[in-house]
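As a plain string of letters, each chain reads:
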Amino acid sequence: MAGLFIGLMSGTSLDALDGVILDVGALRVVAHAQAPLPASLRATFDALNRPGADELHRAAMAARDLAELGAGLVAALLRDADVPASRICAIGSHGQTVRHRPELGYTLQIDAPALLAERCGMTVVADFRSRDVAAGGQGAPLVPAFHRACFGRAGHALAVLNLGGIANLSLQGGHGDVMGFDCGPANTLLDAWAQRHLGQPFDADGAWASGGTVDTALLRTLLRDPYFAAPPPKSTGRDHFNIDWLDRARTAHPEVTPRDVQATLAELSARAIAADLQHHQPEGRELLVCGGGIRNRDFMARLGRLLPAWRLIDTTARGIPPQQVEAAAFAWLAHRALAGLPGNLPQATGATGPRVLGAIWPAGEAGALASQAWVAATPPRGAGRRD
Ligand SMILES: Nc1ncnc2c1ncn2[C@@H]1O[C@H](COP(=O)(O)OP(=O)(O)O)[C@@H](O)[C@H]1O
Ligand SMILES: [Mg+2]
């Protein structure tokens, strides 16, 4: 059943929809494409992280728009890679997280998998997180299993840091035990503050932050958020770490200049990550880094200073460029779902056990072959006995 799968990922940064074609057998990305989120869709998703009027309608419209964007991206991927649609086994679609409340028993990704299946004529696997939450887990992070499959080496420790809107770590000791959790904010606060004060989507290369000075009093206030000291399993999102959270903390430090706030936010994220790493993987020495935050030079320099014994390695050196890793993970998770294999790591999410993740929207007429192959590959249990 291994073959070509598409992964579509739009993370908490709300920057773009990333798509890849992954050769699941070789764990190799065949093509990558990106569609920036139109400003209106970005604003809608951002607003849906907070209570507001007519949310159901706005969420449904945003889901439709995201699926249309995804369908365009799928077409671009096929064109770029010169791959016919019939060779794609399925699409793994993450959707856009707008509320993440596992402690209340839910996590919500806005998505329209039926529309995506219809537009692309392909089987779509979506809603990956809710089964893990139903099994008592955080529903996040889900990338550690893929990180292990892709970057792990038997008998070696592994540490992978994803710098998306939220920072998450996947850690594996030399004996094979794996854990993973969200450390806290990475880009989400940096972006929000840069948008407010620079009028730009992000602080390019961290140039603005690098000229600022860390305000230790503000940093102490920010680090007091109980999330940082809480033990894993834990996960978080934009509905917790957002500009309102920052503004509340700033009321006690009104004198800090915008540029110094940016430097302090970068230091906050770097400190949280470094502390988590030193606490949970004190013997490690190599940190693979992926996610868009790797392009923030100021941030990477701060991290390097806090982790002098560690070598920070771009995942490109291990076969997958930083911006492609998460989308590749959801292509891989789609394969896991169709093969009936678990996608979560209970040690990472806190679920009561391994679970097959995602719901499946079979392809229509145009993709019938792919879905038939899937049914044939997974006969119902006990079918033989009934013959
Ligand atoms: N040149 C750059 N300088 C600083 N930050 C960057 C740069 N390029 C990308 N980023 C950051 O990476 C983010 C996108 O990273 P991504 O991995 O897609 O996050 P997510 O998974 O949350 O969408 C942007 O919002 C921005 O904060
Ligand atoms: Mg992104």
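Residues numbered from 1 in each chain as written. Chains lettered and ligands numbered in written order. Predicted model: local features only at pLDDT ≥ 70, side-chain atom pairs only at ≥ 80, totals over all residues. Heavy atoms only, no water.

Peer 1: Which residues make up the sheet that holds strand E8 (residues 158-163), and what values do they have?
Peer 2: Spatially, five strands are ordered E10-E9-E8-E11-E12 in an open sheet, and the strand pairing comes out mixed. The strands lining the two open edges of the sheet, one partner per strand, are strand E10 (178-185) and strand E12 (311-314). Neighbouring strand axes in the sheet, compared pairwise and without regard to direction, differ in orientation by 25° on average. Taken together, the three bridges between E8 and strand E11 (residues 286-290) define a ladder with parallel strand orientation. Looking across to E11, one finds that Val160 is bridged to Leu288. (Pairing = 2+ DSSP bridges. Helix = DSSP H or I, 4+ residues; strand = E, 2+ residues; numbered from the N terminus. Axes fitted to C-alpha atoms, helices over the stretch in contact; angles between N-to-C directions.)

Peer 1: Which residues make up the nonpolar core, and what values do they have?
Peer 2: Judged by nonpolar contacts, the single largest core of 40 residues is most densely connected at Leu161, Leu163, Leu265 and Leu287. Take this core: its biggest share by element is nine residues, from helix H11 (residues 258-280). Ignoring anything within four residues of it in the chain, the contact list for Leu161 reads Ala167, Asn168, Leu169, Ile273, Leu287, Leu288, Val289, Cys290 and Leu303. By size, the runner-up hydrophobic cluster in this structure holds 37 residues, among which are Val143, Val325, Ala331 and Ala348. (Core = buried A, V, L, I, M, F, W, Y, C linked by side-chain atoms within 4.5 Å. Buried < 20%, exposed > 50% of the residue type's maximum accessible area, 1.4 Å probe, protein only. Contact = heavy atoms within 4.5 Å.)

Peer 1: Any details on the domain arrangement of the protein? Residues and values, ideally.
Peer 2: Entries for the protein in the domain assignment read domain 1 (4-138 + 324-386) and domain 2 (143-322). On a C-alpha basis, the centroid separation for the pair domain 1 and domain 2 is 25 Å. Contact with domain 1, which involves 28 residues of that partner, is made by 31 residues of domain 2. In total, domain 1 and domain 2 occlude about 2400 Å² of area from one another, counting both sides; carbon and sulfur atoms represent 60% of this. The three residues of domain 1 that bury the most area against domain 2 are Thr12, Val325 and Leu345, which together make up 26% of that side's buried surface. Our enumeration of links across domain 1 and domain 2 arrives at one salt bridge. Where domain 1 touches domain 2, the interface holds 10 residue pairs in polar contact (both at pLDDT 80 or more). Residue assignment for the side of domain 1 that touches domain 2 shows that the elements contributing at least two residues are helix H1 (39-48), strand E5 (96-101), helix H13 (325-338) and helix H14 (346-349). (Domains from an automatic or database assignment. Buried area = accessible area lost by both parts, 1.4 Å probe. Salt bridge = Lys/Arg side-chain N within 4 Å of Asp/Glu carboxyl O. Polar contact = N/O pair within 3.5 Å; in protein donor to acceptor, adjacent residues only side chain to side chain.)

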